[in-house]
Amino acid sequence: EWPETGRLALYLLGLRATCPPLEPGPQRSLVTWLKYYLEEDWAGSRQHGHPLTSYYQYSLGVLALCVHHKRVREEVIRRLLAAEHHGRFGHAGGSAVDTEAVAALAFACLERERTVGARLAAELRAAARRVRRRMVEGQGRDGFFGNVYSTPWAMQVFIAMDACRMQPAYSRAMAALLENLDAFTTAATTAQVLPVLHGRSYLDIASMRCQEELDTLTPLGPELPPEMPGNVTVRLVVECPEPRCPQHRLYDRPVPAPAGASLLDVLRAAAVRGPHNFTFDTQDTPQGPFLSRVLGLEARQQKRSYWQLLTAPSTSLQMGIADYRPHDGETLILRLSEW
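The structure reproduced in this document is the subject of the present report. Not measured: the values here are computed from a predicted model. (Residues numbered from 1 in each chain as written. Predicted model: local features only at pLDDT ≥ 70, side-chain atom pairs only at ≥ 80, totals over all residues. Heavy atoms only, no water.)

Okay, the overall build of the protein chain next. Helix and strand counts for the protein chain stand at 10 helices and eight strands. Within the protein chain, the fraction of its 339 residues that count as buried is 46%. Taking all contacts inside the protein chain whose residues are at least 6 apart in sequence as the whole, residues at least 24 apart take part in 64%. Of the accessible surface of the protein chain, which amounts to about 18,300 Å², a share of 52% is contributed by carbon and sulfur atoms. (Helix = DSSP H or I, 4+ residues; strand = E, 2+ residues; numbered from the N terminus. Buried < 20%, exposed > 50% of the residue type's maximum accessible area, 1.4 Å probe, protein only. Contact = heavy atoms within 4.5 Å. Areas by Shrake-Rupley, 256 points an atom, 1.4 Å probe, with all protein chains shown as cover.)

Now for the sheet that holds strand 4 (residues 288–294). Here three strands make up an open sheet; going across it, the order is 3-4-5 and the pairing antiparallel. Of all the strands in the sheet, the pair left with one neighbour each is strand 3 (280–285) and strand 5 (297–298). Bridge count between strand 3 and strand 4: six bridges; the pairing is antiparallel. Directly across from threonine 285, in strand 4, lies its bridge partner glycine 288. (Pairing = 2+ DSSP bridges.)

Note that soluble globular proteins tend to have their nonpolar side chains buried in a common cluster. By size, the foremost hydrophobic cluster in this structure holds 73 residues, and its most contacted members are Val62, Leu63, Met135 and Phe145. Looking at this core element by element, the count peaks at 11 residues for helix 5 (residues 97–113). Excluding its chain neighbours within four sequence positions, the residues that come into contact with methionine 135 are Val97, Glu100, Ala101, Phe145, Ala154, Val157 and Phe158. Counting residues in each nonpolar core, the second largest holds 31 residues, with Leu236, Val238, Leu264 and Phe280 among its members. (Core = buried A, V, L, I, M, F, W, Y, C linked by side-chain atoms within 4.5 Å.)

Here we take up the side chain of glutamate 100. Here glutamate 100 is to be found in helix 5. Assessed through its relative accessible area of 14%, glutamate 100 is described here as buried. Here arginine 134 takes part through its side chain, which lies 2.7 Å from a polar atom of the side chain of glutamate 100. Residues contacting glutamate 100, with those up to four places away along its chain left out, are Phe89, Val131, Arg134 and Met135. (Polar contact = N/O pair within 3.5 Å; in protein donor to acceptor, adjacent residues only side chain to side chain.)

Attention shifts here to the packing of helix 3 (residues 55–67) against helix 5. Where helix 3 meets helix 5, the closest approach of the two axes is 8 Å, and the angle between their N-to-C directions is 25 degrees. By the criterion of interaxial angle, the relationship of helix 3 to helix 5 is roughly parallel. Every pair of crossing elements has a handedness; the one defined by helix 3 and helix 5 is left-handed. Note on element contacts: helix 5 touches helix 3 through Asp98, Thr99, Val102, Ala103, Leu105, Ala106, Cys109, Leu110 and Glu113, opposite Tyr55, Tyr56, Ser59, Leu60, Val62, Leu63, Cys66 and Val67. When the residues that make up the contact of helix 3 with helix 5 are grouped by side-chain class, the tally is 13 nonpolar, two polar and two charged. (Axes fitted to C-alpha atoms, helices over the stretch in contact; angles between N-to-C directions. Parallel < 35°, antiparallel > 145°, perpendicular 65-115°, else oblique. Left-handed = near helix turned anticlockwise from the far one by under 90°. Nonpolar A, V, L, I, M, F, W, Y, C, P; charged D, E, K, R; others polar.)

As enumerated under the stated definition, the model contains one disulfide in all. One disulfide in the model links cysteine 66 with cysteine 109; its S-S distance is 2.1 Å. Taking the sign of the torsion about the S-S bond as the criterion, the disulfide between cysteine 66 and cysteine 109, at about -100 degrees, is left-handed. Remark: cysteine 109 occurs in helix 5 and cysteine 66 occurs in helix 3; sequence separation between them is 43 residues. The same class applies to cysteine 66 as to cysteine 109, namely buried. (Disulfide = S-S within 2.5 Å.)

Below, the structure is given as structure tokens:
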């Protein structure tokens, strides 16, 4: 089966943050599985020189092991160091900020835990500083590092390295974040932004004193978005590059939908319209539904392909299909891309 590196890493980070009972059996088993996934993730794709999943998931795995005070093999660490050194974190059509940030958090955690030698610790410290410097240099005019969703990851790097007070870039990012908190609508994105709002990073989970933590969690019912009167018409386009698809544009139709509908609702509306059949499938992820297949064409992680979401002519959407709400007359493009 495909390694579940990222999902299991996030689960273990969340588990540690909730102060689980002092019965280590089940938790130890999950940590063992994560170590296994990390090895499978890399060993299964030696010929390509990158993890089977992604450097983002691989970095999450290293970070989760470190937060759980587990020693990480030097070879595993050096794979990430080499990727950072050679600039391998980027992918087509998107920012590498989130991947670089998670890797830098893993580097900072490994150095802080003091489970590595002095030479490797110095390399980790230098790599984390390089990542932080690139973030400052690449900060957008809007204050974001990459986009609104990668910004909390980047800000955690400044917090973990105790560098937020001396960096004006951090203050600009915080101001931008506070103006866009309504973008964080899923449990996964909220979990990334909440620590930053309290001046914390995921590294602070490692030093939590659980016996002093108060149980203040209370369940809240989901808030449904208000219904909006009227309808919108969205032009839906599906593109697939050659040579996989000789006919580059596979679908191009106007799709009416209720005002305030999400992109997922638009896709459902297109699927029930005829005579031009439109089909799609989704896969559940911690970040919400992920578009996995359109018109029978599957985005396969093994092939490093995904369905890129754009608004015409070429602006990548910064939200998932369940969160983005198209405007009337907007053209939305589903493009099969590689990363």
